[in-house]
Structures are given as structure tokens and as C-alpha cells.
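Remarks on the overall topology
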Amino acid sequence: MIRLILATLLLLFGSPALAQSPLIIAHRGASGERPEHTRMAYERAIEQGADFIEPDLVMSRDGVLIVRHENEIGGTTDVAYRPEFADRRTTKIIDGQSVTGWFTEDFTWAELQTLYARERLPDLRPENTAFDDLEPILSFEQVLEIARHASARTGRIIGVVPELKHPSYFASVGLPMEDAFVAVLERHGLTGAEAPVIVQCFEVGTLRRLDARIDTPLLQLIAASGGPADDRGLSYDAMTTPQGLAEIATYADWIGVDTALIEPEPGAPTTLVADAQAARLKVAAWTFRAENAFLPEGDRIGSDPAAHGRLRERLARFAGYGLDAAFMDQPGLGGSRE
């Protein structure tokens, strides 16, 4: 109960007392151990003590919010091996990039439910391929139910951190993601400021519009380069200045940033965490992964890209910088959650 109260206070107001223990957001579930966005990945993360589970949201042709890393699903499902869907393979422009494959918006939810999830990074995570083709794609509402049932089972609130992927693109093809998303939150009673949900998006306009419609906490995602797809005149560099952070604070409660923006080199942090917190924004960092391939050189052990490096030490450094939350592929390595 104490941990629940403290976690809730941090979510709503921030708490210096917890600066040494960032909240753990299971990035697509325990995606370092199970194929991402599957029920088994989320349940594994909850078993390991994650505070939140994270689903990426895209849309089906009939307007259902479904959970996949991208709307192109050739690498995360068995669709490429399904002859009945061979003619759905196509090329599209998504946020200015040409992408070839199979896209969720070309399938109904009923069709998508016949597909099975697969490991997205089989070369780095070969053990995860043992779980390929065992579980179907999930909807957003199913992930909310996983969190609700786990909260009742464990006696602690399991939060959800959904990311709206490419909302401007989906709106352009007649699929208004924001409307569908708000409708789901309303059905589940999750539109209040105390809801155990943090809504994330790279697009600024989406978050601004959601801020006018719901009180659910919002998180502005910020990459190490480029800018929001819905505002080509705005750069992420500008958004991380004190002025930019103050502007974000007019509509969001959090920022979620690439770890490189906080620590370009091991042990050499920037002032971003302090600057954001001075603007009354909480800070989450993405993504903490154990494999050498995803770690800076100073945190690697050996030369095998798939081998695990010094993730615990890396997370401890970020905790020392005052980080509020960490997106992790291996939430079980996040330290004690007692």
C-alpha cells in the first residue's frame, strides 16, 4: 500500500524522495524476454514488478485500436506467411517515409485476430523466437483489461502508458485515432487526472487536442534528432530548451526522451532532467535495453551484440540524475521494486 501511495504521488506531483528509484515502464511488455506486445510479455513484466506496461497503438480498417509497434506488421506477425493475405502487401508513405509491407489499416479487426505475433529482433533475441506464433494480436482494450486484472490480483495498481502512433497519418486515411482513443478511455473511466494512464505521442497537435478533451496525464515524446511529424517547422532540439520545455508544460505533464539527450556519454549528463523538472515536467527516458547493441560503448561487456552489458549500472546513473521513469525492455533488471 505504501508503494502504491508513493507511486501515485510521483505520477501526479513528482517526488524528490523517489528520485533514486525511477518508476519502471515495461516497454511493450518484457520485450527483452518475450515477443513484444503479447499477453505473455505484459504478464511477464507485471510478474517482474513493472509499475506500468506500454502498448503502441495503431488502427484496423474498421477503427479498432490495436497493439503493434508500427502499422506495418510484416516483421512482427506471421502475415508474410499467410497466402490469403499476399495481395495486401503494398508500399505507402508514412510520415514522409516510404514503407513496404502489410499495414493494419488494410485489415479488419476480425482478420487481424487471425494473425500471430513474432519476435521483432530474432538475431539479437533468438530465445524469444521459441514463443513465435503462440499468441494473437491484442487490442488496446485487451491491454487495459490485462492491467486491471493484474491490479486486482497483485493488490497494486498497474498503470498503462499507451503511445498513439502516426495519428496524423491515420486521420488522413479516414481513421480518426484521437476520437477512437478518447472513446476507449471514457468506456473504462480513465479520463481523469488520477487515472493510472500516461498518454504519449511524438505529435504535438495530438497532445494539445487531447489536453482539451481529457485530464489524463500526457507525455510529449522527444527524439534525439528531427522533429514532430505534424509540425515540420519545429525541431526536437528547440523543444528541449528551457523555452521549449515551458511550452510543453502548457499541455503535457511529462516528457519522454531518448536517453542520449540526458547522457550523451556515460557519466556526462546534460541539464535536461533539471531543466524539465524546473518547468514542472516529469521526465521518462527511453529505451533501456540490456543487449550490447543498444548500449553505449562504455556500458558494453564483450563484443557480442546480443550479450548483456551493464544495464543496471546505466540505470543507476540515470536514477542519480533524478529520472522519474524508465522505459525498459527487461523490467526485471530495474532493481528492487519494494
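Note that the structure is predicted; figures quoted are calculated from it, not measured.

**Some points on the overall build of the chain**
A tally of helices and strands in the chain yields eleven helices and 14 strands. Whereas a compact globule of 338 residues would reach a radius of gyration of roughly 20 Å, the chain reaches 19 Å, a difference of no more than 12%. Viewed in the frame of its principal axes, the chain has a C-alpha envelope of about 55 × 45 × 40 Å. Per-residue burial over the chain gives 53% buried out of 338 residues. Looking at the chain alone, contacts between residues at least 24 apart form 66% of all its contacts between residues at least 6 apart. Counting every atom, the chain has about 14,000 Å² of accessible surface; 52% of that belongs to carbon and sulfur.

**Some details on unusual backbone geometry**
For the peptide bond that leads from tryptophan 286 to threonine 287, omega is -10°, which places it in the cis range. With respect to the helices and strands, the residue threonine 287 is situated in strand β13 (residues 282-288). The phi dihedral of arginine 28 is positive, around 65°, even though this residue is not glycine. Mapped onto the secondary structure, arginine 28 falls in the loop between β1 (23-27) and α2 (39-47). Residue arginine 28 is classed as buried on the basis of its relative accessible area, which comes to 7%. Positive phi outside glycine occurs at aspartate 95, with the angle close to 50°. Looking at the secondary structure, you find aspartate 95 in the loop between β5 (90-94) and β6 (97-101).

**A word on the confidence of the model for the chain**
Looking at the chain as a whole, the pLDDT averages 94, with 93% of positions reaching at least 70. Every residue in residues 1-19 is under pLDDT 50, and counting partners more than four places away or in other chains gives 28 contacts.

**Structural notes on the pattern of salt bridges**
Any two side chains of opposite charge can pair, given that their charged atoms come close. If you walk through the whole model with that rule in mind, you get 25 salt bridges. Linking arginine 44 and glutamate 33 is a salt bridge whose minimum nitrogen-to-oxygen distance equals 2.7 Å. Of this pair, arginine 44 sits in helix α2 while glutamate 33 sits in the loop between β1 and α2, and the two are eleven residues apart along the sequence. Relative accessible area serves as the criterion here: at 28%, arginine 44 is assigned to the partly exposed category. By sharing partners, the salt bridges in this structure join Arg28, Glu36, Asp56 and Arg120 into a single network.

**Regarding the layout of surface pockets**
Taken as a whole, the largest pocket holds about 490 Å³ of empty space. Lining the largest pocket are 28 residues; nearest its centre among them are Glu163, Lys165, Phe202, Leu221 and Trp286. Counting residues per element, the ones that place at least two in the lining of the largest pocket are β9 (163-164), β10 (199-201) and β13. Along the lines of polarity and charge, the residues of the lining of the largest pocket split into ten nonpolar, eight polar and ten charged.

**What to know about the environment of alanine 229**
Residue position: alanine 229 is located in the loop between β11 (218-222) and α8 (236-239). Alanine 229 sits in the partly exposed class, given a relative accessible area of 27%. Along the primary structure alanine 229 and valine 204 are separated by 25 residues, whereas in three dimensions their C-alpha atoms are 8.7 Å apart. When near neighbours in sequence (up to four residues on either side) are disregarded, alanine 229 contacts Asp95 and Glu203.

Quick notes on the rules
Residues numbered from 1 in each chain as written. Predicted model: local features only at pLDDT ≥ 70, side-chain atom pairs only at ≥ 80, totals over all residues. Heavy atoms only, no water. Helix = DSSP H or I, 4+ residues; strand = E, 2+ residues; numbered from the N terminus. Rg over C-alpha atoms; globule rule 2.2 N^0.38 Å. Buried < 20%, exposed > 50% of the residue type's maximum accessible area, 1.4 Å probe, protein only. Contact = heavy atoms within 4.5 Å. Areas by Shrake-Rupley, 256 points an atom, 1.4 Å probe, with all protein chains shown as cover. pLDDT = per-residue confidence, 0-100. Salt bridge = Lys/Arg side-chain N within 4 Å of Asp/Glu carboxyl O. 1 Å grid on protein atoms, 1.4 Å probe; cavity = no way out; pocket = protein on both sides within 12 Å on 5 of 7 lines; lining within 4 Å. Points joined across faces, edges and corners; volume = space filled by probe spheres on them. Nonpolar A, V, L, I, M, F, W, Y, C, P; charged D, E, K, R; others polar.

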